[in-house]
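# Notes for the structure review
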Amino acid sequence: MKTTPTSILACVCLVISAFLFGMYFGRNCSGGNIYIEIFPTTAVSHTSKTPSAPTVPINTVGRKININTADLQTLMTLEGIGETYAQRIIDYRNANGPFQSVNDLTNVEGIGPKRLEAILDQITTGG
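Residues numbered from 1 in each chain as written. Predicted model: local features only at pLDDT ≥ 70, side-chain atom pairs only at ≥ 80, totals over all residues. Heavy atoms only, no water.

## Digging into the packing of aromatic side chains
Aromatic ring pairs are defined here through the distance separating the ring centres and the angle between the ring planes. By the definition in use, this model includes 1 aromatic pair. Taken together, a centroid distance of 5.4 Å and an interplanar angle of 20° make the contact between Tyr-92 and Phe-99 stacked. With a relative accessible area of 22%, Tyr-92 lands in the partly exposed category. (Phe/Tyr/Trp six-rings, centres within 6.5 Å; stacked < 30°, edge-to-face > 60°. Buried < 20%, exposed > 50% of the residue type's maximum accessible area, 1.4 Å probe, protein only.)

Rendered as C-alpha cells:
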C-alpha cells in the first residue's frame, strides 16, 4: 500500500489535535494543573466503602462568611448550621436588617451561645 502526503498530513493533524485536546482538558477551570496521585502516600484502608469527611469545614480554609450577605448554601457550610438554621438567619436579617455584630446571631431562634461559639471564628458581619 502506498502512503500519500495527504494521509501523512491527516495523521500529523490527528496527533497534534490529540496533544492539544489533552493539554486543554489537563487544566482545571482556574487554569491550574490537575494532579492525579497514582501512588498514595498514606495507607489506604480497603474496608471502608466511603471516604471520610474532611475534618475542617470548607469555609474555614479561606475567608470568613459574611452573615449579612451569605446565601442559604453558604450558611449551611457553618458547623452546626443546617438548612433550618440557615433559613432562620436569612429570615431574621430580612425582617430586622443586617446584623450589627456577630453576637446578634443569638437573636435568631435556636442559636444560643454554644452554637455561636462553635462558629464565631468562621463568621463576620463585614464591618
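## Some words on the side chain of Arg-93
Along the polypeptide, Arg-93 turns up in helix α3 (residues 83-96). Nearest to the buried, unbridged Arg-93 among oppositely charged side chains is Asp-71, at 7.4 Å. Side-chain polar atoms of Arg-93 contact the backbone oxygen of Ile-67, separated by 2.7 Å. Those residues in contact with Arg-93 that sit more than four places away from it in its chain are Ile-67, Asn-68, Thr-69, Ala-70, Leu-75, Pro-98 and Phe-99. (Helix = DSSP H or I, 4+ residues; strand = E, 2+ residues; numbered from the N terminus. Lys, Arg positive; Asp, Glu negative; His and termini not counted. Salt bridge = Lys/Arg side-chain N within 4 Å of Asp/Glu carboxyl O. Polar contact = N/O pair within 3.5 Å; in protein donor to acceptor, adjacent residues only side chain to side chain. Contact = heavy atoms within 4.5 Å.)

## Some words on the nonpolar core
Membership of the largest hydrophobic core comes to 17 residues, with the highest contact counts inside it found for Ile-67, Leu-75, Leu-78, Ile-81, Ile-89, Leu-105 and Ile-123. The set of elements that each furnish at least two residues to this core consists of α3 and α4 (113-119). Of the residues forming this core, the biggest block, 3 residues, is contributed by α3. If we ignore the near neighbours within four places in the chain, the residues touching Ile-123 are Lys-64, Ile-65, Ile-67, Leu-78, Val-102, Leu-105 and Leu-116. (Core = buried A, V, L, I, M, F, W, Y, C linked by side-chain atoms within 4.5 Å.)

## Notes on a nonpolar patch on the surface
Taken together, Ile-8, Val-12 and Ile-16 make up a surface patch of nonpolar side chains, about 260 Å² in accessible area. Checked against the element boundaries, Ile-8 lands in helix α1 (residues 5-25). Note on Ile-8: relative accessible area 48%, which makes it partly exposed. (Patch = residues over 30% accessible without salt bridge, like charges linked within 9 Å, V, L, I, M, F, W, Y side chains within 5 Å. Areas by Shrake-Rupley, 256 points an atom, 1.4 Å probe, with all protein chains shown as cover.)

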